[in-house]
Amino acid sequence: MPENLVEVRNLVKHFPIRSGVLQRVSGQVRAVDGVSFDIPKGSTMGLVGESGCGKTTIGRTILRLVESTAGSVRFEGEDLFAIPRSRLRVMRPRMQMIFQDPYSSLSPRMPVGEIIGEAVREHGIVPPGEYRKYLAEVMESCGLQKQHVDRYPHEFSGGQRQRICIARALALKPRFIVADEPVSALDVSIQAQIINLLKDLQSEFALTYLFISHDLSVVEHISDTVGVMYLGSMVEMGNKKTIFEKPLHPYTKALFSAVPVPDPLVRMDRVILEGDIPSPAHPPPGCKFHTRCPNRMEICSREVPETIRYADGHEVACHLYSKEGP
Amino acid sequence: MQETKWTKRRRVRGYMKEVERRNRLQMRAYVIRKRNERGQDHDFLSTMKNPDNVVEFDNLKTYFFTDSGTVKAVDGVTFSVPRGKTVGVVGESGCGKSVTSLSLMRLLQEPAGQIVEGEIRYNNGTRTVDIARTPEDQMQTIRGNEIAMIFQEPMTSLNPVFTIGYQVDEAIALHNPDMDKAAVRIRSVEMLKMVGIARPEGIYRAYPHELSGGMRQRVMIAMALACDPKLIVADEPTTALDVTVQAQILDLMRHLKNQISASIMLITHDLGVVAEMADEVVVMYAGRIVEKGTAVDIFHNPLHPYTVGLLRSKPSVNRLTERLYSIPGQVPNPIDMPDYCYFKPRCERSIAKCDGEYPPMIRVSETHEVACWLHEKEGTPHA
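Quick notes on the rules
Residues numbered from 1 in each chain as written. Chains lettered and ligands numbered in written order. Predicted model: local features only at pLDDT ≥ 70, side-chain atom pairs only at ≥ 80, totals over all residues. Heavy atoms only, no water. Helix = DSSP H or I, 4+ residues; strand = E, 2+ residues; numbered from the N terminus. Rg over C-alpha atoms; globule rule 2.2 N^0.38 Å. Contact = heavy atoms within 4.5 Å. Areas by Shrake-Rupley, 256 points an atom, 1.4 Å probe, with all protein chains shown as cover. Lys, Arg positive; Asp, Glu negative; His and termini not counted. Charge placed at Lys NZ, Arg CZ, Asp CG, Glu CD. Buried < 20%, exposed > 50% of the residue type's maximum accessible area, 1.4 Å probe, protein only. Core = buried A, V, L, I, M, F, W, Y, C linked by side-chain atoms within 4.5 Å. pLDDT = per-residue confidence, 0-100. Salt bridge = Lys/Arg side-chain N within 4 Å of Asp/Glu carboxyl O. Polar contact = N/O pair within 3.5 Å; in protein donor to acceptor, adjacent residues only side chain to side chain. Pairing = 2+ DSSP bridges. Axes fitted to C-alpha atoms, helices over the stretch in contact; angles between N-to-C directions. Parallel < 35°, antiparallel > 145°, perpendicular 65-115°, else oblique. Left-handed = near helix turned anticlockwise from the far one by under 90°. Nonpolar A, V, L, I, M, F, W, Y, C, P; charged D, E, K, R; others polar. Patch = residues over 30% accessible without salt bridge, like charges linked within 9 Å, V, L, I, M, F, W, Y side chains within 5 Å. Expected span 1.5 Å × (residues − 1). Phe/Tyr/Trp six-rings, centres within 6.5 Å; stacked < 30°, edge-to-face > 60°.

Chemist: Can you explain the overall build of chain A? Please cite residues and give values.
Modeler: What chain A contains, in helices and strands, is 9 helices and 12 strands. For 326 residues, the compact-globule estimate of 2.2 N^0.38 gives 20 Å, and the C-alpha radius of gyration of chain A, at 21 Å, lies within 12% of that figure. Referenced to the eigenvectors of the C-alpha coordinate spread, the extents of chain A come out at roughly 70 × 60 × 45 Å. When contacts within chain A are restricted to residue pairs at least 6 apart in sequence, those whose partners lie at least 24 apart make up 62%. Total accessible area computed for chain A in this model is approximately 14,500 Å², and 51% of it derives from carbon and sulfur atoms. Distance from the positive charge centre (39 side chains) to the negative charge centre (38 side chains) of chain A: 5 Å.

This is the structure in structure tokens:
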């Protein structure tokens, strides 16, 4: 059993809704509502779900970019939510994030070298004498030319910018990278280049990824384990093979069948969900999915389904299944 | 004398000024020509090559005259949309697929953007017009009425300060001046019902911010269909939506197409969506068509190296590969395009002939055409 780099337990993040003159708290948006998972060292965990299901919030709370409401995250054995700020500062270089939009996540007034190198100097990753050389090394490993070090972000295309973002994260010698929709804003042919780069870097530097995406085909390609989220809860989780070959939860099934297949001769029997995702401020009682579920039963609107864990690590939260087996 | 930093800077600036001046002049020439044409009742009627087509693009060239050079956004595009069929236009960002559709709607950013050559023949059943030369007042009876457009961003295409009902009413009232208010309202509610909105009366009074992305896109579709168009231009209709909502909208579009017997021109970068919706597919790269054919031709027998690369670089569910194929390099700069095949610098199968002139469209079967020298022997070149 490989060691876990990240262990998330019952992570909860509620955002208060304030209203009125006094800005009193009038409700809570339950963005993440009790999520637990482990990421073994050197593997990739994929997180999929529709917009508003809380997958980005998970990524940000794990790194303490926003403070959590409850729960715990252990990173290399240390409880991230309990340590003081000074210790967190030492930990920060080890966990990095790549953002979705390579256009707005790079400062237009900083040259590329400064974007990548600022944190390297700040955290003293390499001795000052080796700084320039290290910068060139990092840029080359991300497929950037080292003579572009003085250029500004607007001189680069979308794919190149995403490489700069990756280089910025990689320069701090991290062990864990949260990639929040890193390829969603890119064209198909550039997407493939970035995915391959992420895979190469993973094997070269033994990185662990939390890969957040709404694109199921990309997640299937890059992940070892996959978690499917709906309205702040994890509805199904397991290794890639079992999830994609044998999805159990009705939501996972619907999600997978909605992906268009690039073959005009294949006609899938599609499960088309009715309606829209409910508001996370007022999630439905019982199973959150019961309002749209094609297999709903009477119990679903009353009781929250427990998460059932099978021997092969496959977890599902649905009343249709019992502990004995699917 | 050796060139210093300062003389170089001066030389470059002089060159830029010259480019700017030349482009301004060219742009002005088009504006003046259009103004002169406006006074006369010049001939914008045309005839279709094939009366079964709704729209025929014939060697369409749309250029943008910018201060840093002429951008040949669409550079000689020829294809047609048959009646009752769905034609998918695929390509990456910057390949000219949106500019093609904007040229058809005559919604180009003028005066910088101009249709410089070619015809867009549109047949509404009683007459055929060349949209590239149609005067603006005639264009208004076509745009929105006979050719409707569904835009990419349902969030920004609706006006946030008016109710949904007001906006749908407006589209209907504008194109049917003889309808009274009550009739317009009935028609609006009917349209909202048709696109699968559960409580149309309630939504009629709602404002756009009260609706989800999928609902807003349904409203956009309702507006587009309100005047029974002959052709629907859908520019990335599902790109901003989640997959489950995308499945709903695609299902709706397919269903409605059969119901109102319109043709659809579907512009997208998502190969999966095209495979599912389109009867015919046009693949564009850097302003030109590189391959066109039926959906089966393109997805089961892709010939152009770009199409092959595009299909291979997309990971697909339940087809595992260790490493994704990726097309090396990037899309070339749209200013200063080379004389040879635009894809040559990224192509892994280029041959000696690729350094020569740009390949013509080569017909390899009844329905399948490709612009690549590799397939010269298999088919017959034609213009």
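Chemist: Provide a residue-level description of the overall build of chain B, including the pertinent values.
Modeler: Tallying secondary structure elements over chain B gives 12 helices and 13 strands in all. Against the compact-globule benchmark of 21 Å for 383 residues, chain B has a radius of gyration of 23 Å, which places it among compact chains. When its C-alpha atoms are laid out on the principal axes, chain B stretches across 80 × 60 × 45 Å. Across the 383 residues in chain B, those meeting the buried criterion constitute 52%. Considering only contacts within chain B whose residues lie at least 6 apart along the sequence, 64% involve residues at least 24 apart. Carbon and sulfur atoms provide 51% of the accessible area of chain B, an area that totals close to 18,300 Å².

Chemist: Give me the lowdown on the environment of A:V183, citing residues and values where you can.
Modeler: Residue and element names in this part refer to chain A. If you trace the backbone, V183 turns up in the loop between strand 7 (176-180) and helix 6 (188-205). With 32 residues separating them along the chain, V183 and D215 place their C-alpha atoms 9.2 Å apart. Those residues in contact with V183 that sit more than four places away from it in its chain are Q191, I194, I195 and V218.

Chemist: Tell me about the nonpolar core, and name the residues and values.
Modeler: The nonpolar side chains of a soluble globular protein tend to be buried, and buried together. Residues and elements named next belong to chain A. Core analysis: the largest hydrophobic core is formed by 63 residues, its most contacted members being I116, I164, I166, L198, L201 and Y251. Sort the elements by how many residues they give to this core and helix 6 lands first, with 7 residues. Setting aside its immediate chain neighbours within four residues, I166 contacts I98, C142, I194, L197, L198 and L201.

Chemist: Please set out the confidence of the model for chain B residue by residue, giving values where relevant.
Modeler: With 96% of its residues at a pLDDT of 70 or more, chain B shows a mean pLDDT of 86. Interface confidence for the predicted complex, expressed as ipTM, amounts to 0.80; the pTM equals 0.84.

Chemist: Residue-level account of the interface of chain B and chain A, with values.
Modeler: How large an interface is tends to be reported as the accessible area lost when its parts come together. Between chain B and chain A, the contact holds 42 residues from the first and 37 residues from the second. Across the chain B-chain A interface, the total number found is 0 salt bridges. Taken together, the connections running from chain B to chain A amount to 9 residue pairs in polar contact (both at pLDDT 80 or more). Of all elements in the fold, only helix 9 (243-260), helix 10 (271-277), helix 11 (295-300) and helix 12 (305-313) of chain B reach the threshold of two or more residues within the side of chain B that touches chain A. The biggest single contributor to the side of chain B that touches chain A is helix 9 of chain B, with 7 residues.

Chemist: For the sheet that holds strand 4 (residues 70-75) of chain A, give the residues involved together with the corresponding values.
Modeler: All names here are of chain A. On the basis of which strands lie adjacent, the open sheet formed by 4 strands has the order 2-1-4-5 and antiparallel pairing. Looking along the sheet, the strands with just one partner apiece sit at the ends: strand 2 (24-40) and strand 5 (78-79). Pairing geometry for strand 4 and strand 5, over 2 bridges, is antiparallel. Of the residues in strand 5, the one forming a bridge with F75 is E78. Helix 1 (residues 55-62) rests against strand 1 (4-19), strand 2 and strand 4 of the sheet, and its axis sits at about 115° to strand 1.

Chemist: Give a detailed account of the pairing of strand 9 (residues 225-230) of chain A, specifying residues and quantitative values.
Modeler: Residue and element names in this part refer to chain A. Where burial is concerned, most of strand 9 is hidden: 5 out of the 6 residues are buried. Direction of pairing for strand 3 (residues 44-48) relative to strand 9: parallel, over a ladder of 4 bridges. Bridge assignment links V48 to a residue of strand 9, and that residue is V228. For strand 9 and strand 10 (residues 233-239), the ladder comprises 6 bridges, and the chain directions are antiparallel. Along strand 10, the bridge assignment pairs Y230 with S233. Where strand 9 folds back on strand 10, the antiparallel hairpin that results is connected by 2 residues, among which L231 adopts a positive phi of roughly 50°.

Chemist: Kindly report on the packing of helix 3 (residues 112-123) of chain A against helix 4 (residues 131-141) of chain A, identifying the contributing residues and their values.
Modeler: Each packed pair of helices is defined by two parameters, the angle between the axes and the distance between the axes. All names here are of chain A. In the contact formed by helix 3 and helix 4, the axes pass within 10 Å of each other and the chain directions differ by 120°. On the basis of the axis angle, helix 3 is oblique to helix 4. Pair helix 3 / helix 4 crosses with right-handed handedness. Residues V112, G113, I116, G117, E118, V120 and R121 of helix 3 form the contact with helix 4, whose participating residues are Y131, Y134, L135, V138 and M139. Residues belonging to the contact of helix 3 with helix 4 are distributed by class as follows: 8 nonpolar, 2 polar and 2 charged.

Chemist: Kindly report on the sheet that holds strand 8 (residues 208-212) of chain A, identifying the contributing residues and their values.
Modeler: Residues and elements named next belong to chain A. Ordered by their spatial adjacency, 8 strands build an open sheet running 6-7-8-3-9-10-12-11, and the pairing between neighbours is mixed. Unpaired on one side and paired on the other, strand 6 (95-98) and strand 11 (307-309) mark the two borders of the sheet. Within the sheet, the average angular offset between the axes of one strand and its neighbour, ignoring direction, is 20°. Pairing geometry for strand 6 and strand 7, over 4 bridges, is parallel. What sits directly across from M95, in strand 7, is F176. Sheet strands in contact with helix 1 are strand 3, strand 6, strand 7, strand 8 and strand 9, and its direction is about 150° off that of strand 8. Sitting on the sheet, helix 9 (residues 250-257) is in contact with strand 9 and strand 10, with an inclination near 100° to strand 9.

Chemist: I'd like a description of a positive patch on the surface, backed by residues and values.
Modeler: Together, B:K5, B:R9, B:R10, B:R13 and B:K17 give the surface a local cluster of positive charge. Looking at the element boundaries, B:R10 is found in helix 1 (residues 5-39).

Chemist: Explain helix 5 (residues 158-170) of chain A residue by residue, including any values.
Modeler: Residue and element names in this part refer to chain A. Compared with an ideal rise of 1.5 Å per residue, which puts 13 residues at 18 Å, helix 5 spans 18 Å between its outermost C-alpha atoms and is within 8% of the ideal. Burial runs high along helix 5: 12 of the 13 residues are buried. Turning to helix 5, its buried residues are G158, G159, Q160, R161, Q162, R163, I164, C165, I166, A167, A169 and L170. Next to the buried residues of helix 5 lie strand 6, helix 3, helix 4, strand 7 and helix 6.

Chemist: Could you give an account of the packing of aromatic side chains, with specific residues and numbers?
Modeler: For the coordinates displayed, the defined rule picks out 12 aromatic pairs over all chains. Seen in terms of ring centroids, A:Y230 and A:Y251 are 4.6 Å apart; in terms of plane orientation they differ by 55°. Their pairing is tilted. Here A:Y251 lies in helix 9 and A:Y230 lies in strand 9, a separation of 21 residues in the sequence. With centroids separated by 4.6 Å and ring planes inclined at 25°, the aromatic side chains of B:F57 and B:F79 adopt a geometry described as stacked.

Chemist: Kindly report on the pattern of salt bridges, identifying the contributing residues and their values.
Modeler: Residues and elements named next belong to chain B. One pass over the full model with this rule turns up 41 salt bridges over all chains. Here K49 ties to D58 by a salt bridge, and the two come within 3.6 Å at their closest N and O atoms. Its relative accessible area of 22% is what places D58 among the partly exposed residues. D58 serves as the salt-bridge partner of R121, at 3.4 Å between the closest nitrogen and oxygen. Of the two residues, R121 sits in strand 4 (residues 113-123) while D58 sits in strand 1 (residues 53-66), which places them 63 residues apart along the sequence.

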